[in-house]
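In case you want the letters, here they are:
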Amino acid sequence: MDELILILPLVIGYILDIVFGDPVGLPHPVVYMGKSISFFEKRLNKGNNITIKGAVISLLLILLSFIFTKFVIELSYLNIYIGTAVSSLLIFFCLAGKTLIHEVKMVFEALEVSLERGREQLSRIVGRDTADLSAEEVKKAALETLAENLSDGVIAPLFWYAIGGIPAMMAYKMINTLDSMIGYKNERYIEYGSVAARIDDIANYIPARITAIFMVLVVGRANLIGFVFRFGKEHASPNSGYPEAALAGILNCKFGGTHNYFGQSVYKPYIGYNERELTYKDMLTATSVNRRVEIVAVLLIILKIYLLG
């Protein structure tokens, strides 16, 4: 019975993500996380001791996310049915598998209409400037994002769920939201968001590598693990390069290059060898890999619950 209480919300939350994706129109915890981050950033990101202020508020927001979620779950489980519903909904909110796959498919479909439509669609899911990208660069950017966010949006939340339950999962979402909002190395955030960015690097260190290994294993390409660790460490990010390298190896293509972020040129080392044209079929292969990795992760957590509780 105890195992079922843990497993049922995970299965329901995962199915809800597969069916609905991000719940447009419903109040989403990440939205409120973003508002809280923005509220404090506007007031604290100035004057003296900016790095310290950014570090303190980042740690405080992460801790409050954990404590508040734990309180809500414990309160909701005064009734088993309400507890299961609340837990399922929170897990659903923490997963972003379907939405990302849908957005990447829309990029490739928009490119079939026009390059401009493809660039516009891509701008919804990447931080880089898309106005001057070629069709091939748009495809690469979409697939790089798909691989990177398989880790950030699915495997990392599930990893932290396996470690510390839904409170740890929600704390991870706060970490990831902090990084996406203030973790940039530009003039505005280089001091204030430096600790938040480092925390995100730490929180994603193991999940990124697990994601990459799962990716090559689900397609039966264990021989690519050396390729993954050869190219993964070359990336500017300590984590993003690993799932990107896994996908580059699976598709036998080449990622990376120089891109513009907020008017600044950022060089990303090349991942892979084969400079070939990407196709719609490559996108279908990549999204299929994502889905299979998600299923494996969920099944492994269920197994862990049965064996260890």
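In this text the structure is predicted, and so the values were computed from the model without any measurement.

Asker: Mind laying out the side chain of D152, listing which residues take part and the relevant values?
Answerer: Its location among the elements puts D152 in helix α7 (residues 135-182). K173 provides the closest opposite charge to the buried, salt-bridge-free D152, at an N-O distance of 8.9 Å. Setting aside its immediate chain neighbours within four residues, D152 contacts P157, Y172, N176 and N204.

Asker: How would you summarise the environment of E191 if you had to cite specific residues and measurements?
Answerer: On the secondary structure map, E191 appears in the loop between α7 and α8 (194-218). Assessed through its relative accessible area of 43%, E191 is described here as partly exposed. Taking C-alpha positions, E191 is 18 Å from L61, a pair spaced 130 residues apart along the chain. The contacts of E191, once residues within four sequence positions are left out, are I50 and T51.

Asker: Any details on the packing of helix α5 (residues 97-113) against helix α11 (residues 280-308)? Residues and values, ideally.
Answerer: At a minimum axis separation of 11 Å, α5 and α11 run at an interaxial angle of 180°. In terms of axis orientation, α5 runs roughly antiparallel to α11. In this structure, α5 contributes G97, K98, I101, V104, K105, F108, E109 and E112 to the contact, and α11 contributes Y280, M283, L284, T287, N290, R291 and E294. Across the contact of α5 with α11, the residue classes tally to six nonpolar, three polar and six charged.

Asker: How would you sum up a nonpolar patch on the surface? Please name residues and give values.
Answerer: Residues L300, L303, Y306, L307 and L308 make up a contiguous nonpolar surface patch of about 580 Å² in total accessible area. The exposure class assigned to L308 is exposed, which follows from its relative accessible area of 70%.

Asker: So what's going on with helix α1 (residues 2-20)? Residues and values would help.
Answerer: End to end, α1 covers 28 Å across 19 residues, agreeing with the expected 27 Å (1.5 Å per residue, within 8%). Taken together, the buried positions of α1 are occupied by I7, P9, L10, G13, Y14 and D17. For α1, the arc enclosing every buried residue in end-on projection is 160°, short of the 170-degree limit, so these residues lie on one face. Where α1 is buried, its residues touch α4 (80-94), α5, α7 and α11. Where α1 ends, the next residue or the one after it, G21, has phi of about 70°, a positive value.

Asker: Describe the nonpolar core, and please don't skip the residues or the numbers.
Answerer: Grouped together as the largest cluster of nonpolar side chains are 81 residues, with contacts concentrated most on V104, L122, L143, L158 and M215. The leading source of residues in this core is α7, at 21 residues. Those residues in contact with L143, other than ones at most four positions away along the chain, are V104, F108, L247, L251, F255, L278, M283 and A286.

Asker: Hey, could you go over the pattern of salt bridges for me, with residue numbers and the actual values?
Answerer: Overall, the coordinates contain nine salt bridges when judged by the stated rule. When the shortest N-O distance is used, the salt bridge between E277 and K139 registers 4.0 Å. Highlighted residues: E277 in the loop between β2 (264-271) and α11 and K139 in helix α7, separated in sequence by 138 residues. E277 gets classed as exposed once you look at its relative accessible area, which sits at 58%. Since its relative accessible area comes to 14%, K139 is described here as buried. The salt bridge partner of R291 is E294, with a shortest N-O separation of 2.5 Å. Taken as a pair, R291 and E294 lie in helix α11 at a separation of three residues, close to a single helical turn.

Cut-offs and rules
- Residues numbered from 1 in each chain as written.
- Predicted model: local features only at pLDDT ≥ 70, side-chain atom pairs only at ≥ 80, totals over all residues.
- Heavy atoms only, no water.
- Helix = DSSP H or I, 4+ residues; strand = E, 2+ residues; numbered from the N terminus.
- Buried < 20%, exposed > 50% of the residue type's maximum accessible area, 1.4 Å probe, protein only.
- Lys, Arg positive; Asp, Glu negative; His and termini not counted.
- Salt bridge = Lys/Arg side-chain N within 4 Å of Asp/Glu carboxyl O.
- Contact = heavy atoms within 4.5 Å.
- Axes fitted to C-alpha atoms, helices over the stretch in contact; angles between N-to-C directions.
- Parallel < 35°, antiparallel > 145°, perpendicular 65-115°, else oblique.
- Nonpolar A, V, L, I, M, F, W, Y, C, P; charged D, E, K, R; others polar.
- Patch = residues over 30% accessible without salt bridge, like charges linked within 9 Å, V, L, I, M, F, W, Y side chains within 5 Å.
- Areas by Shrake-Rupley, 256 points an atom, 1.4 Å probe, with all protein chains shown as cover.
- Expected span 1.5 Å × (residues − 1).
- Arc of directions from axis to C-beta.
- Core = buried A, V, L, I, M, F, W, Y, C linked by side-chain atoms within 4.5 Å.

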